[in-house]
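Descriptive analysis of the structure
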Protein chains: 2
Amino acid sequence: MNSKELEIYKNIKQAIVHQKLRPNMQLVEKEIAEAFGVSRTPVRNVLRKLSYERLVKIIENKGAFVTWFSVNEAKEVFEMRQILESNAVRYACRLATEEQLREFGKLVEVELNTYQDADYIEAIQMSGKFHLKIAELARNSYFHLYLEDLISQTSVIISIYGESHGKKSTCLHHHHIYNAIQQRDEDLAVKLVIEHLKEIEDTLHFDENLQIPASLSDLFQNKL
Amino acid sequence: MNSKELEIYKNIKQAIVHQKLRPNMQLVEKEIAEAFGVSRTPVRNVLRKLSYERLVKIIENKGAFVTWFSVNEAKEVFEMRQILESNAVRYACRLATEEQLREFGKLVEVELNTYQDADYIEAIQMSGKFHLKIAELARNSYFHLYLEDLISQTSVIISIYGESHGKKSTCLHHHHIYNAIQQRDEDLAVKLVIEHLKEIEDTLHFDENLQIPASLSDLFQNKL
DNA sequence: TAATACATGATTGTATACAATCTCTTATAC
DNA sequence: GTATAAGAGATTGTATACAATCATGTATTA
C-alpha cells in the first residue's frame, strides 16, 4: 500500500473507529474518490483492505458497508481478545526491557492526563494505544497484527451496543495493569487484563434486535 | 471476492502451499492474467489478498513475490500457533457435540488411509484439515480465520527450512490428539498439541544464511 | 578501462471507459 | 387496487490505455 492509499485508508478507518461512520452505512466508491481527488481504483483497494480487517463488509454488486457486528460476533471478539491479550501480557512481563517499561510508563501517564480534559475521541485512541503497546512488548508481531484489528472492531461494537469508552475506571485499570507488568508479576497482570476486558464487555447492552438504520429510507422501507 | 477471483486465488494459494511456487519467486501480473484469461485487475486483487495472508510480499513498483520467512518470522508463526491451537483444543473439548466428534473421527480415519498411499501433497492438505477442524470445533470464527493463515505459512516455512510433512508420526499424533478430545480430556489434549507443534518445529533446520534463489540471476548477482 | 549518462524494455500504478448488476419507479394488465 | 413487467438511474465489476518506475543494456567520456 503506497502513501496515497495509506492516506485514504487511515482517514476511513479513523472515521469508523471514531464512530463518525456508523455501522451499516454504505461507503460509495465514487464519493470517497472525489473527496480525496483520486480515481475509484485506490479507493477500492482500501475498501478491500478494510473488509479483511472486518471493519467493512463488501457485498457483491451492492457495495461496501461499515460492519454491523451481531451479538455473537461481538462476543467472539471479546473472547479472542482475552485469549490473545492474556498471553501477550504474560510474554510482556517476561520479555520487556527496562527501557521499554519506562516508555510504557510515560504512555500511561499521558493517558491519565488526556483523560482529565476528556475528549471522547482521544480516549478511544489512547485506550487502543495502551493495549497495542502490550502487544508490542510481547515480541511477536502477530499479537500486534491481530489485536490491531480486534481493538478497532471493539470500537465499532461499542458504538452499537454501549457507551463504554472514556470511563474513568478504564484509566485506573490500565494503571494497575502497568504496575503489574512493571513488577513482572505475570499472574496478577493476566488476571487484571481479563477482569478489565470483562468489565468493558459488561458495560454493553447486548440486544439481539437492536438495529441502527443507515438511512431514513432504510428505516422505513418495510413500512410502506 | 467473486467466483472468478476465488478461482485464481485458490490456484495460486494452492501452488504456494504445495510448494510449486517457491519462496522469493516473482508472480508477474500479466503472466497470471493470461494464464487465467482475465485482465490484470482481478489478479491484482488476488495478489493483495495473498499479501494480507503473508503468503506473498508486495514491493512497490517491483511486484509480488512468494514470501520468504526469516528464522525469526518462522519462530513467531510456531509460537502463535501454539497459543491459538492450545486454546482452540481446550475449547473444542468443552464445546464439540457428539455429532461433530463423530465427523472428526472420520476425518482422522481418512487421514490415516491417505497416509498409506502417501502422496506428499495430499499429506500437506490432510494435516492442514486436521488442525483447522479443531479450530472449527472451538466455536469462535477467529480461530479458523487466523489458523488458516498460520497453517498455510507453515507450509512455506517447511519448504524453506525442512522436510517435515508427510511423516508417519504426524498421523499418530493426530490420532492421539483426537482421542484426547473425544474423551474431553482438556489438559492432555493441550499437552499433546503443544508437543506435536514442537516436534514439527524441531524437524526444521533453521539456518540464518539459507537462501533459495528465485532465479539464476538472483543466485549470482553478488558474485560478479 | 572504468564510470557515468542515456535509452530501452519490462513491470507495476492509476485513471477511465464500458459492461453487468441491482434498485426504484412507472406503466400496464388483470 | 394489486401484481407483474419494463425501464431509468445508480453503483459496482472488468478491461484497457496510459503514466510512472525500475532494471538492463549501450554508448559516451575521461
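Higher on the page you've got the structure.
Numbers given for residues are sequential positions, taken from 1 along each chain in its written order. A letter from A marks each chain and a number from 1 marks each ligand, given out in the order of writing. Per-residue local features are limited, in this predicted model, to residues with pLDDT of at least 70; the limit for side-chain atom pairs, both in listing and counting, is 80 or more; totals at the level of whole chains, interfaces and linings are taken over all residues. Only heavy atoms go into the side-chain values, all of them from the structure, while hydrogens and water stay out.

1. Comments concerning the interface of chain B and chain A
The condition is simple: Throughout, a residue-residue contact means that at least one pair of heavy atoms, one from each residue, lies within 4.5 Å. Buried area counts how much accessible surface, traced with a 1.4 Å probe, disappears from two parts once they are put together, with both parts' losses summed. When a carboxyl oxygen of Asp or Glu lies within 4 Å of a side-chain nitrogen of Lys or Arg, that pair is called a salt bridge. For the purposes of these results, a polar contact is taken to be a pair of N or O atoms within 3.5 Å, where, inside protein, one atom must be able to donate a hydrogen and its partner to accept one; residues adjacent in sequence count only when each atom of the pair is a side-chain atom.
Opposite the 27 residues of chain B that make contact, chain A presents 27 residues. Contact between chain B and chain A buries roughly 2700 Å² in total, counting both sides, with carbon and sulfur atoms accounting for 51%. When residues of chain B are sorted by the area they lose upon contact with chain A, B:Tyr52, B:Tyr142 and B:Tyr146 head the list and together hold 24% of the total. For the interface between chain B and chain A, the tally reads two salt bridges. In this structure, the salt-bridge partner of B:Arg48 is A:Glu5, at a minimum N-O distance of 2.9 Å. Linking chain B with chain A are ten residue pairs in polar contact (both at pLDDT 80 or more), by the criterion used here.

2. Looking at the environment of B:Asn72
Worth spelling out the cut-off: Numbering of helices and strands runs from the N terminus; a helix is a DSSP stretch of H or I covering at least four residues, while a strand is a stretch of E covering at least two.
On the secondary structure map, B:Asn72 appears in helix H4 (residues 71-95). Separated by 52 residues in the primary sequence, B:Asn72 and B:Lys20 place their C-alpha atoms 24 Å from one another.

3. What to know about the sheet that holds strand E1 (residues 26-27) of chain B
In sheet architecture, strand pairing relies on hydrogen bonds along the backbone and comes in two forms, parallel and antiparallel. Residues and elements named next belong to chain B. Our working definition: One requirement defines pairing of two strands: DSSP has to find at least two bridges between them. Axes here refer to lines fitted to C-alpha atoms; in helices the fit is confined to the stretch in contact. Angles between the N-to-C directions go from 0 to 180 degrees.
With respect to topology, three strands assemble into an open sheet ordered E1-E3-E2, the strand pairing being antiparallel. Every interior strand has two partners, whereas the edge strands, E1 and strand E2 (56-59), have only one. Direction of pairing for E2 relative to strand E3 (residues 63-66): antiparallel, over a ladder of four bridges. Directly across from Ile 58, in E3, lies its bridge partner Ala 64. In the packing of helix H3 (residues 40-52) onto the sheet, the strands contacted are E1, E2 and E3, and the crossing angle to E2 comes to about 115 degrees.

4. Observations concerning the environment of B:Glu53
Residue and element names in this part refer to chain B. Among the secondary structure elements, Glu 53 is positioned in the loop between H3 and E2. Linking Glu 53 and Ser 152, residues 99 residues apart in sequence, is a C-alpha distance of 8.7 Å. For Glu 53, the contacting residues outside a window of four places in its chain are Tyr 9, Lys 13, Asp 149 and Gln 153.

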